[in-house]
Amino acid sequence: AVNSDNDYGNNGMAIFLKTATEEGICVEYSVKFLRTEHEKIRNVVDIIKQGTTKVIVAFLTGFEMKSLIEQLGIQNITGLQMIGVEAWITSKSLMTPNSFHVLGGSLGFAVRKIQIEGFADYVMKAFWDTAFPCSFNAKLNCSRYQDLSVVKNYNDDVPEQRFLSYVYKAVYAVAHSLHSLLKCRERDGCEEGLTIQPQQMVEALKKVNFTLKTGDHVWFDSTGGAVAQYEIVNWQQDSDGSFRFKSVGYYDASLPPDQRFVIITKNIIWARGQLEKPRSVCSESCPPGTRKAAQKGRPV
């Protein structure tokens, strides 16, 4: 078990370790780091190298995952079965020939992919031509566009259209809330002269319940959380040498309990290109439901 030493990684890993104990899964070590902690990263890689387990639950952000891959590659550590999270499992920038030696066969939960016709073309061209005119007009004073230039080529999610689904649903949720608060009717229009306070929007958002053109049903529970819907993806290489995120299942909390989690194991390519799932040995003497922790590179 390896996680980012921040709220995202620590909270996520705490839930996993608790569940692992309840399910009788033996965790050989649990370590964490930040991308700026170079010595700690090397210690984590040493622990992985010395460990007997071959399955790594990597609750890491994309930044920490990139740092870990680099160190694993330097030490030529391959054949690990990585279990990933939505923060990195569908990151196009991480999927390179070099990283595939380390991450090939990775499995993980990804934000469900959607297709919005024409969106990718719009973002890649039309939007930037308007928002960043310096890309085609050298006569402009481009200093005011410096902040935009940093992210201009960051288009990881555009072809995949995964995190986009959150934005898409959020915009519609706000629109439905405003329609409710402004008492909009299809023929009569909306009431004019009303002032909407932020807290009114929050309360209205709690009550939205609608279905998008994509077929997704949008509503929020008592905690303000949206229904959990994930796609399970597998890092695979095609016969032409190209890489892809192969869908091998899903988790959908909106379905009945016995239908929420589906995984098609016959479609999975495991680490090292194996068709059979790997056997991971935590420790022959490790009782079910227990774990050994490691801190600063030393098991305790």
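Each value, and the rule that gives it
Residues numbered from 1 in each chain as written. Predicted model: local features only at pLDDT ≥ 70, side-chain atom pairs only at ≥ 80, totals over all residues. Heavy atoms only, no water. UniProt positions renumbered as here; feature names shortened; annotations may be inferred. Helix = DSSP H or I, 4+ residues; strand = E, 2+ residues; numbered from the N terminus. Contact = heavy atoms within 4.5 Å. Axes fitted to C-alpha atoms, helices over the stretch in contact; angles between N-to-C directions. Parallel < 35°, antiparallel > 145°, perpendicular 65-115°, else oblique. Nonpolar A, V, L, I, M, F, W, Y, C, P; charged D, E, K, R; others polar. Disulfide = S-S within 2.5 Å. Pairing = 2+ DSSP bridges. Core = buried A, V, L, I, M, F, W, Y, C linked by side-chain atoms within 4.5 Å. Buried < 20%, exposed > 50% of the residue type's maximum accessible area, 1.4 Å probe, protein only. Expected span 1.5 Å × (residues − 1).

The protein has the name Odorant receptor 10.8 in an unreviewed UniProt entry, where Carassius auratus is given as its organism. Under Subcellular location (unreviewed entry), UniProt gives the following word-for-word description of the protein: "Cell membrane".

Let us look at the side chain of Lys169. Note on placement: Lys169 falls in helix α8 (residues 164–181). Those residues in contact with Lys169, other than ones at most four positions away along the chain, are Phe210, Leu212, Asp216, Val218 and Gln229.

A few words on the packing of α8 against helix α9 (residues 198–206). Relative to each other, α8 and α9 sit at 110°, their axes nearing to 9 Å. For the element pair α8 / α9, the angle class is roughly perpendicular. Mapping the contact onto sequence places Ala173, Val174, Ser177, Leu178 and Leu181 in α8 and Gln200, Met201, Ala204 and Leu205 in α9. Residue classes in the contact of α8 with α9 are distributed as 7 nonpolar, 2 polar and no charged.

Tallied over the entire structure, the rule returns 1 disulfide. One disulfide in the model links Cys184 with Cys190; its S-S distance is 1.9 Å. Here the S-S torsion is close to 110°, and the disulfide linking Cys184 with Cys190 is therefore right-handed.

In this section: the sheet that holds strand β5 (residues 107–111). Strand pairing in a sheet relies on backbone hydrogen bonds. The paired strands run either parallel or antiparallel. Taken in spatial order, the 8 strands of this open sheet run β2-β1-β3-β4-β5-β8-β9-β10, and their pairing is mixed. At either margin of the open sheet sits one strand with a lone partner, and together these are β2 (31–33) and β10 (261–263). Across the sheet, the mean angle from the axis of one strand to that of its neighbour is 30°, orientation sign disregarded. The pairing of strand β9 (residues 243–252) with β10 spans 3 bridges and is antiparallel. Each bridged residue has a counterpart across the sheet, and for Tyr250 the counterpart in β10 is Val262. Those strands touched by helix α2 (residues 38–50) are β1 (2–4), β2 and β3 (55–59), and its axis lies near 155° from that of β2. Running over the sheet, helix α3 (residues 62–74) touches β1, β2, β3 and β4 (81–84) and is turned about 110° from β2.

In this section: the nonpolar core. Residues Met65 and Trp88 are the most contacted members of the largest nonpolar core, which totals 38 residues. Those elements that place two or more of their residues in this core are α1 (7–23), β2, α2, β3, α3, α4 (97–103) and β8 (229–237). Per-element accounting of this core gives the leading share, 5 residues, to α2. Excluding residues within four positions of it along the chain, Met65 makes contact with Ala58, Leu60, Met82, Trp88, Leu94 and Leu103. Ile116, Tyr168, Ala173 and Val208 belong to the second-largest nonpolar core, a separate cluster that totals 9 residues.

Here α8 spans 26 Å end to end across 18 residues, near enough to the 26 Å set by a 1.5 Å rise per residue. Leu164, Ser165, Tyr168, Lys169, Ala173, Ser177 and Leu181 are the residues of α8 that are buried.

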